[in-house]
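# Examination of the molecular architecture
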Amino acid sequence: MSVIPLVFTSGWASGINAYAVVLLLGLFGATGVSDEVPAALQRTDVLIVAGVLFLCEAVADKIPYVDSVWDTAHTVIRPVTGAVIAALLAGESGSLPELAAGAIGGSTALMSHLVKAGTRMAVNTSPEPFSNVGMSIAEDLGVAGVITFAIFNPVAAAVIAAVLLVFGIVTVLFLASRIRRFLRRRAQRREEKRLAGTGGHWPPD
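Heads up: these notes are all about the structure in this document. Quantities reported herein were computed from a predicted structural model and do not represent experimental measurements. (Residues numbered from 1 in each chain as written. Predicted model: local features only at pLDDT ≥ 70, side-chain atom pairs only at ≥ 80, totals over all residues. Heavy atoms only, no water.)

### Observations concerning unusual backbone geometry
Note the following rule: The way it works is that DSSP assigns letters per residue, a run of H or I at least four long becomes a helix, a run of E at least two long becomes a strand, and they are numbered from the N terminus.
Of note, the phi angle at Tyr65 is positive, near 75°, even though the residue is not glycine. Turning to its location among the elements, Tyr65 is positioned in the loop between helix H3 (44–60) and helix H4 (66–73).

Right, dumping it as structure tokens:
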């Protein structure tokens, strides 16, 4: 059961930036910093793909509205990545069945992804772009810091990840009205595009 803290932490981080988790864990394993990283994550091709996708996310994640589109596209990718990483970690340690580890990692990744996506929707109701950049940098630094800490102290890192997850859920609930405003704006823009494409007009007031 000793792998559970690392599984939970990697799941939380995958829900925010799955490519960063794969890249960091792979580099820690390839450089000999940790013996717990599965060989599959240390492969050169995996590291290259993760690095390229991480750079793509680093750009997309800082552009208003593009970040929400990116999040929507990753609603499946992040939880699946979290589940796969968790299963690999469990298989490497031999202390937790891969199926159970995948469930923990995947569900945790899904929750943190929903928190991230919801927070970004709320941030996108603000007209200036600086909040998006600040949020993105904070998320990247948070993922890097917690994953690095987890390699050396997995239990403490898991506690931090759990606190951040709970805090994120509470924040999203607090920002629910702004999230609804974002969704209304997006629906209105889609309707405007649809009407523009069909040559229609908005009904008179």
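### Remarks on a nonpolar patch on the surface
The condition that has to hold: A patch consists of residues whose relative accessible area exceeds 30% and which take part in no salt bridge; residues with like charges are grouped when within 9 Å of each other, and nonpolar side chains (Val, Leu, Ile, Met, Phe, Trp, Tyr) when within 5 Å. Accessible surface is estimated by sampling points in the Shrake-Rupley manner with a 1.4 Å probe; for residues, cover comes only from the protein chains shown. In the sections that follow, a salt bridge refers to a side-chain nitrogen of Lys or Arg positioned within 4 Å of a carboxyl oxygen of Asp or Glu.
Together, Val59, Ile63 and Val66 make up an exposed nonpolar region whose accessible area comes to about 230 Å². Within the element layout of this structure, Val59 appears in helix H3.

### Quick notes on helix H1 (residues 4–30)
Operational definition: Multiplying 1.5 Å by the residue count of a helix minus one yields the expected span of that helix. Each residue is assigned a bend, namely the angle between axes fitted to the seven residues that terminate at it and the seven residues that start at it. Type-normalised accessible area, obtained with a 1.4 Å probe on protein chains alone, sets the label of each residue: buried when under 20%, exposed when over 50%, and partly exposed for intermediate values.
In this model, H1 (27 residues) spans only 22 Å end to end at C-alpha, well below the 39 Å of a helix rising 1.5 Å per residue. Roughly 125° is the biggest bend found in H1, and it falls at Asn17. Most of H1 sits inside the fold, with 24 of its 27 residues counted as buried. Where H1 ends, the next residue or the one after it, Gly32, has phi of about 80°, a positive value.

### Overview of the nonpolar core
Applicable threshold: Here, nonpolar core refers to any group of buried Ala, Val, Leu, Ile, Met, Phe, Trp, Tyr and Cys residues whose side-chain atoms link them within 4.5 Å. In this analysis, two residues are considered to be in contact whenever any of their non-hydrogen atoms come within 4.5 Å of each other.
Trp12, Val21, Leu25, Val143 and Ile147 are the most contacted members of the largest nonpolar core, which has 40 residues in total. Broken down by secondary-structure element, the contributors of at least two residues to this core are H1, H3, helix H5 (77–93), helix H6 (98–123), helix H7 (130–152), helix H8 (154–174) and helix H9 (176–198). Residue contributions to this core peak at 13 residues, all from H1. Each residue touching Trp12, except ones within four places of it in the same chain, is listed here: Thr108, Ala109, Ser112, Gly142, Val143, Val146, Ala161, Leu164 and Leu165.

### Description of the side chain of Arg120
Put simply, the rule is: Nitrogen and oxygen atoms within 3.5 Å of one another constitute a polar contact, given that in protein one can donate a hydrogen and the other can accept it, and given that sequence-neighbouring residues count only through two side-chain atoms.
Relative to the assigned elements, Arg120 resides in helix H6. Under the relative-accessibility criterion, Arg120 is labelled buried at 0%. There is a polar contact of 2.7 Å between the side chain of Arg120 and the backbone oxygen of Asp61.

### A look at the environment of Ala117
Relative to the elements of secondary structure, Ala117 occurs in helix H6. Distance from Ala117 to Arg180, taken between C-alpha atoms, is 13 Å for residues 63 residues apart in sequence.

Everything listed is a geometric property; what it means functionally is a separate question.
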